[in-house]
There are 2 protein chains.
Amino acid sequence: MASNLIVPVILAGGKGTRLWPMSRSQRPKQFLALIGDLSLFQLTLKRLDDPTRYDKPVVVTNSEYRFLVAEQAQEAGVELAAVVLEPIARNTAAAIAAASFIAAKDGPRLIHVLASDHNIGLDDAYRTAIDTATAAAKAGRLATFGITPTSPATGFGYVEAGAAEPTGAHTVKRFVEKPNEDKAKEMIASGNFYWNSGMFLFNSALFLSECKALAPAVYAAAEASVKSATTDLDFTRLGESEFAKSPDISVDYAIFEKTKLASVVPSPIRWSDLGAWDAVWKESTADEAGNVTRGPVNLYNSKNSFVLSEGAHVAVNGLDDAVVIVSEDAVYVGKLSDAQDVGRVVKDLMKSPKTAKLTEEHRTSYRPWGGYSSVLMGERFQVKRLFVKPGKQLSLQKHHHRSEHWIVVRGTAEVQIGDHKQMLRENESIYIPQGEVHRLSNPGKILLELVEVQTGSYLGEDDIMRLEDTFGRI
Amino acid sequence: MASNLIVPVILAGGKGTRLWPMSRSQRPKQFLALIGDLSLFQLTLKRLDDPTRYDKPVVVTNSEYRFLVAEQAQEAGVELAAVVLEPIARNTAAAIAAASFIAAKDGPRLIHVLASDHNIGLDDAYRTAIDTATAAAKAGRLATFGITPTSPATGFGYVEAGAAEPTGAHTVKRFVEKPNEDKAKEMIASGNFYWNSGMFLFNSALFLSECKALAPAVYAAAEASVKSATTDLDFTRLGESEFAKSPDISVDYAIFEKTKLASVVPSPIRWSDLGAWDAVWKESTADEAGNVTRGPVNLYNSKNSFVLSEGAHVAVNGLDDAVVIVSEDAVYVGKLSDAQDVGRVVKDLMKSPKTAKLTEEHRTSYRPWGGYSSVLMGERFQVKRLFVKPGKQLSLQKHHHRSEHWIVVRGTAEVQIGDHKQMLRENESIYIPQGEVHRLSNPGKILLELVEVQTGSYLGEDDIMRLEDTFGRI
């Protein structure tokens, strides 16, 4: 093999809805700091920060999240081997196959496929599971991690373990779909069943040969899309028409349930998929009354509740089993034990144009140069707060329907209007007439913050004509 | 008597806490639109809009609410006889005595004392009660309105009716303090007990003579404070040192429980003191599931709940008996049946400097010239939205610690900086340097709206030096 280090392949393209109103389609679960100060994606990167064991990770995501991936990796101080962009969603089989081709471009590699949005305890049990899976992969097996169940969960699939192999892994007897509770209890009682975690470890050559044999259309599409991939800044864009030809199928269905080479690694590890607010509550440290709070929250006479606010101050009185989630523009209130229902609520909100936006974006949007919040929307005006990172610049752009007033409130801006450039310091302002070509840069060493007042008859984000952009967004 | 018309005396100085986070000490219950589009104070004014029966009302309030009273009366198209400002809170006895002196300055008058924050059905039963009380007052009685109880409420005092009088009123046998539930049920079963509503109707001369006899210190303080009162714009400010000498006592304790001249008018009227959110819910029209919502709210699988939002979009799922109140900067979640607890929550929030402000003011503040909202507070900057009514102007002022950028987003502004005046149209901006004397006016016919960006080391509202003001606020 080209190297003995494992290449982590992190799947970061998912759009879960059940952590609304925090998760939005433009900023889903994996990019949120739900446990501590780092996002789940960043926690995943940190878990892989062991140069004796892992090579630089390959991240598979889609175009919409590429800057989030790049920025969060940079923030976490982790260098990525590649950020692979799926041009269209084709489930996990094609994504993992394409990532395998890319990771193994210089020869076969050990590959560890993992989710970007799970919470895993980094302890000896975890490291032992990785070691066992590595040994199994080296012994010519496709290893899947089977989590030792801690409850008869009905939200996961299960794997039944067969005979033990010399590596400590077991043969796979069969995969079982999400069961009902009775079935789940029965399986757990037998002691041979594990939760199907969606984490794998294998040799790329073996995985790809099994893929070619068992799912040839997936293999062909992945191979062709990698061959026709283009590089755009630090991103690897898979060929769209090629990738689109792959069946929309999970790696479990396409390969693991069919191959004779699968092994399951019994993994008695602390693991949660943080599937809904009740799971986040369970994974957090509760007070004596069983309450977990984050943000400006006061609880009175309440227990077993989860209250999180990123905006308004919240007072909760006399509740049990409650979940209250307050974002800048939306509030969810329900029972913690009904947390699975959030997905259904989000589906309903998506139906109406008035509420669909609340499922898509937050008031604060992140861009490769920094970001902005809409702080006030009037009838013919809008106020935004902009922040530009040191050394970054926005695209050279113009707007057909709005003019803009910029007031610098922190740092120093360089503003180009037409052919003229000027510096703007704290407490200075400038006016950008409608239709005028302009560009904003932060030439300084500290964050630039400014208040933008837009006026005009149309204030949508899509009234922007980019003439030049350092981030390839033209 | 000087006139046969009744002078309404509206008590509008209260600061209830139990409708938090909507009610704040700077904008309490009576000034909120809780039932329909008018505030409770405005609904009270509308109920008195019958020139065959009522003279112009006298409103008793305190200095903090004077502009709210004046504006809301103007908005409702009601002319007030006087807005009497209590210099210090001394409970209802002194307030009613002072208002009686003022209402009767040209001779004795019939006076109807009423709260500004009750919800009352304007129907025949109500008019009959007023007629009966008027007849009783003319017959030399101090009439109190006894509401026919609809439940064994423990939150009100009760009045026991004695023998019927020729007017239809009854003698008062006794007043009973807030009872426990058993006692309340017993009283209701007897059929002779009524809720003590805090509404009265009497001849000012009789009331004042009883006050002089039964509560001479209240009488003396009220009389002296009216004699030393000053007029400030349209407001009558009672003499502070004189008014302060009154005992802090309710009119019930000071006079009605002592006088031999009290009569109770049995009033089978639709009445609610809207004392807490459960009362507001009861007074609103619920859907089939017993839910009442106001603002951007989606309910799923919920019943018997009250959900109100003035800010974020709210989704409530799977709750029964819930109250969820969302204001711009605070959220309350609890059981509707625990609505009385809100007062305790507010007292707790008042204790901490971090949360006390949430009990005092809203993000939007109203001023006699219009108002403003704080839309964004940064470390050394703040963004406000200002609105100035047509024809109004702010004070001539300066700030020691901040400079201001103004951007007109609607209407036309006249801006004076130093001695220089200039007009500013939509989409134009101006800069007010720190320490510079300035004044903002709206010379136009439509509302002026502007976005103000303040920068400086201190951005508190109290950094304002007023050099001249049309509203007497220097």
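Everything discussed here concerns the structure shown above.
1. Looking at the overall build of chain A
Next, step 1: For chain A, the count of helices and strands is 12 helices and 30 strands.
Next, step 2: In terms of C-alpha radius of gyration, chain A reaches 24 Å, essentially the compact-globule figure of 23 Å for 474 residues.
Next, step 3: Overall, the C-alpha framework of chain A stretches about 75 × 60 × 40 Å when taken along its three principal axes.
Next, step 4: Expressed as a percentage of the 474 residues in chain A, the buried residues total 57%.
Next, step 5: When contacts within chain A are restricted to residue pairs at least 6 apart in sequence, those whose partners lie at least 24 apart make up 69%.
Next, step 6: Total accessible area on chain A stands at roughly 19400 Å², and carbon and sulfur atoms take up 49% of it.

2. What about the pattern of salt bridges?
All names here are of chain B.
Next, step 1: Under the defined criterion, the tally for this structure stands at 48 salt bridges over all chains.
Next, step 2: For Asp55, the salt bridge identified is with Arg109, shortest N-O distance 2.7 Å. Highlighted residues: Asp55 in the loop between helix 1 (40–47) and strand 2 (58–62) and Arg109 in the loop between helix 3 (91–103) and strand 4 (110–115), separated in sequence by 54 residues.
Next, step 3: A salt bridge links Glu361 to Lys357, with the shortest nitrogen-to-oxygen separation between them at 3.7 Å.
Next, step 4: Overall, Glu361 belongs to the partly exposed group, its relative accessible area being 22%.

3. Overview of the packing of helix 6 (residues 204–214) of chain B against helix 7 (residues 216–227) of chain B
Residues and elements named next belong to chain B.
Next, step 1: Packing of helix 6 against helix 7 brings their axes to within 5 Å, and their N-to-C directions diverge by 125°. The angle between helix 6 and helix 7 falls in the class oblique. Every residue of helix 7 that contacts helix 6 at Leu208, Cys211, Lys212, Ala213 and Leu214 is listed here: Pro216, Val218 and Tyr219.
Next, step 2: Class assignment for the residues of the contact of helix 6 with helix 7 results in 7 nonpolar, no polar and 1 charged.

4. Quick word on the pairing of strand 9 (residues 193–203) of chain A
Residue and element names in this part refer to chain A.
Next, step 1: Along strand 9, 10 of the 11 residues are buried, which leaves the element largely enclosed by surrounding structure.
Next, step 2: For strand 4 (residues 110–115) and strand 9, the ladder comprises 4 bridges, and the chain directions are antiparallel. Along strand 9, the bridge assignment pairs Val113 with Phe200.
Next, step 3: As defined by bridge partners, strand 6 (residues 142–147) adjoins strand 9 across 4 bridges and the pair is classed as antiparallel. In the strand pairing of strand 9, Ile147 is matched with Trp195.
Next, step 4: Pairing of strand 7 (residues 158–164) with strand 9 involves 3 bridges; the strand directions are antiparallel.

The rules we used
Position numbers for residues count from 1 along each chain, tracking the sequence in the order it is written. Each chain gets a letter, beginning with A, and each ligand a number, beginning with 1, in the order they are written. Residue-level local features of this predicted model are given only where pLDDT is at least 70; pairs of side-chain atoms are given and counted only at 80 or more, and the full residue set underlies all totals for whole chains, interfaces and linings. In computing side-chain values, all of the structure's heavy atoms are included and hydrogens and water are not. The numbering of helices and of strands both runs from the N terminus, where a helix is a DSSP run of H or I of at least 4 residues and a strand a run of E of at least 2. Only C-alpha atoms enter the radius of gyration, while the globule expectation follows 2.2 Å times N to the 0.38, with N the number of residues. Only protein chains enter the accessibility calculation, which uses a 1.4 Å probe; a residue is then buried when its area is under 20% of its type maximum, exposed when over 50%, and partly exposed in between. Residue contacts are counted whenever heavy atoms from the two residues lie within 4.5 Å of one another. All accessibility values rest on the Shrake-Rupley procedure with a 1.4 Å probe; residue burial counts only the protein chains present in the view. By definition here, a salt bridge exists when the distance from a side-chain nitrogen of Lys or Arg to a carboxyl oxygen of Asp or Glu is within 4 Å. Every angle, taken between N-to-C directions, lies between 0 and 180 degrees, and every axis is a line fitted to C-alpha atoms, over only the stretch in contact when it is a helix. Angles below 35 degrees are treated as roughly parallel, those above 145 as roughly antiparallel, those between 65 and 115 as roughly perpendicular, and all remaining angles as oblique. Under the scheme applied here, ten amino acids are nonpolar (Ala, Val, Leu, Ile, Met, Phe, Trp, Tyr, Cys and Pro), four are charged (Asp, Glu, Lys and Arg), and all others, including Gly, are polar. Between any two strands, at least two bridges found by DSSP are needed for them to pair.

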